Amino acid sequence: MEKITGSEAMMRSLEHEGVDILFGYPGGSIMPTYDALYDHKKTLNHILVRHEQAAVHAAQGYARVSGKVGCAIVTSGPGATNTLTGIADAMADSTPVVVICGQVGIAMLGTDAFQEVDVIGITSPACKWCYQIRRAEDVAWAVSRAFYIARSGRPGPVVLDFAKNAQTGMVDYKPSDVNFIRSYDPYPEIDLTVIEKAAQMINDSVKPFALLGQGIELAGAREEVTALLEKAQIPFGTTILGLSDMPFDHPLNMGMLGMHGNLGPNVMTNQCDLLLAIGMRFDDRVTGNLSTYAKQAKIIHFDIDPSEFNKNVAIDLAVLGDCKETLVAVTKKVESTQHNSWIEGFKPYAEKEFHKVIEKSIFPKEGPLLMGEVIHQVSEATHHRGILVTDVGQNQMFSCRYFKVSNPRSVVTSGGIGTMGFGLPAAIGATFGCPERTVCLFCGDGGLQMTIEELGTIMEQGAPVKIILLNNNFLGNVRQWQEMFFSHRYSFTPMANPDYEGIAKAYGIPAQTVVNREDLTSAIETMINTDGPYLLQCAVKEEENVMPMTPPGANIDEMLLEA
């Protein structure tokens, strides 16, 4: 064994875990670790962000598209507290990230030392595990445990609070491999009795419907869920985070669930006789009024996290375990069958939605540009094989409706807590996670300004993010609610905007603004064919609404097709 500093042990431990990308920002209490990083630049590619919140969002984007654990590194005090939004976002969306925060030496803890913050106390409610590294001897163990917890079972964020004395102390370094924790059971054993019951319920159903969530993607279970759905001919809808569970054009795919989802899957949720919820958590935006949600149906819930069972919706059968395994077990016992008339029942709703909403949104004949047509054309230009990254708001809802994806791990969005400003840094991370694919970021003028400093990161790294700015001079989602539910009282939602094209060009990013419909197609082609980053600003209709919409508190099948 070789005696090295705790900081050097951190670098070697990260390499041992297979880390090759770090997103971070240096500062006083993490400086010894950054000094060690200087000698590892060939193996640990550090991406200097412009704000610590962006470091975590970038790590999230990287993790979501690559399937690996994202890693962020920041200093103590404000550096650590700036990561909290990203940590909470990763927790809500089950994204595996490890956040390493600097901390003052243990002798200074509790003295209100410069940039001392109780990182453990602040982050523990918002992460899967957190730990304060107080000795150099604990570095290898803590890092291995952190990555094991972050990636296993239901993934999530882990925080390491790295005391300065632990960074500078000396240790006889030996790599650690944690793959078992006595109090932690990430992969529950499958109950074969439950598998038998699930298969029988599916075999007995006449009108089954499946709800697919991100858990399928996290488990890498696309093939397994496809086998079950196709064998039993079960139509399905997806949550926003589950949009890339299956190809958009699969014949059993009935569309997106939820408040701004498709009409058919929402209505038919309240008409099916069996509801299979796979790797999803019955979010309130999916269920609407819980007192009327799927009351006619028996419900089977597949999940790896037992805390999700009966949390929001009372279920009839809980199938606990990794869905990559439970789905295979159930499929073996399910009978091949047909549900043609049931599946045909979705079509009238799809046709109604197309003529009343979709056709007008993506093929307008006159008036200003619409968000839907911009998104639709960008999706077509990527042949539906790009990576969709969104910010939060109307841009997010329109994008999830009209940007179609074919490949797994193709949707990066803030689903659980809806973080404005998420999009730009997450898109940067996605370009490092999947450099061979086109990353398309759709954002609004409000969300872009929340992390606009990350244009500097794009400039420095040449990160090839295709930024499509849907500029309506409003905080659009809030404005829509103010129009529909607050008597058009637009309280502080109009936006006075800067020259975004000029700002992009100041960062060396090619940019173009489109106002007229006849210029849109060529502008999109220019953006897609330009090597490196690009900003395409589209001046869209100011008072456009995302439809359909289930009003807050309404039944999920009471969707409005018009505002």
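Residues numbered from 1 in each chain as written. Predicted model: local features only at pLDDT ≥ 70, side-chain atom pairs only at ≥ 80, totals over all residues. Heavy atoms only, no water.

Remarks on the pattern of salt bridges
Reasoning step 1: For the coordinates displayed, the defined rule picks out 18 salt bridges.
Reasoning step 2: Here R135 ties to D138 by a salt bridge, and the two come within 2.8 Å at their closest N and O atoms.
Reasoning step 3: On the basis of relative accessible area, D138 is assigned to the buried category, the value being 14%.
Reasoning step 4: Linking E196 and K333 is a salt bridge whose minimum nitrogen-to-oxygen distance equals 3.2 Å. Here E196 is found in helix α9 (residues 192-204), whereas its partner K333 is found in helix α14 (residues 323-333), with 137 residues between them in sequence.
Reasoning step 5: Classification of K333 as partly exposed rests on a relative accessible area of 39%.
Reasoning step 6: One salt-bridge network, held together by shared partners, links R154, D305, E308 and K311. (Salt bridge = Lys/Arg side-chain N within 4 Å of Asp/Glu carboxyl O. Buried < 20%, exposed > 50% of the residue type's maximum accessible area, 1.4 Å probe, protein only. Helix = DSSP H or I, 4+ residues; strand = E, 2+ residues; numbered from the N terminus.)

Some words on the sheet that holds strand β3 (residues 45-48)
Reasoning step 1: With parallel pairing, 6 strands are arranged side by side in an open sheet as β3-β2-β4-β5-β7-β6. Of all strands in the sheet, those bounded by a partner on one side alone are β3 and β6 (129-133). Across the sheet, the axes of successive neighbouring strands diverge by a mean angle of 20°, strand direction being ignored.
Reasoning step 2: Across 4 bridges, the pairing between strand β2 (residues 21-24) and β3 is parallel. For I21, the partnering residue across the bridge sits in β3 and is N45. (Pairing = 2+ DSSP bridges. Axes fitted to C-alpha atoms, helices over the stretch in contact; angles between N-to-C directions.)

Quick word on the packing of helix α1 (residues 6-16) against helix α7 (residues 139-151)
Reasoning step 1: Remark: α1 packs on α7, axes separated minimally by 9 Å, with the N-to-C direction vectors making an angle of 35°. Considering only the axes of α1 and α7, their crossing is right-handed. Mapping the contact onto sequence places G6, A9, M10, S13 and L14 in α1 and V139, A140, V143 and F147 in α7. (Left-handed = near helix turned anticlockwise from the far one by under 90°. Contact = heavy atoms within 4.5 Å.)

Focus on the packing of helix α3 (residues 52-66) against helix α5 (residues 84-92)
Reasoning step 1: Relative to each other, α3 and α5 sit at 25°, their axes nearing to 7 Å. In terms of their interaxial angle, α3 and α5 are classed as roughly parallel. Facing Q53, V56, H57 and Q60 of α3, the residues of α5 in contact are T85, G86, I87, D89 and A90.
Reasoning step 2: In the contact of α3 with α5, the residues fall into 3 nonpolar, 5 polar and 1 charged. (Parallel < 35°, antiparallel > 145°, perpendicular 65-115°, else oblique. Nonpolar A, V, L, I, M, F, W, Y, C, P; charged D, E, K, R; others polar.)

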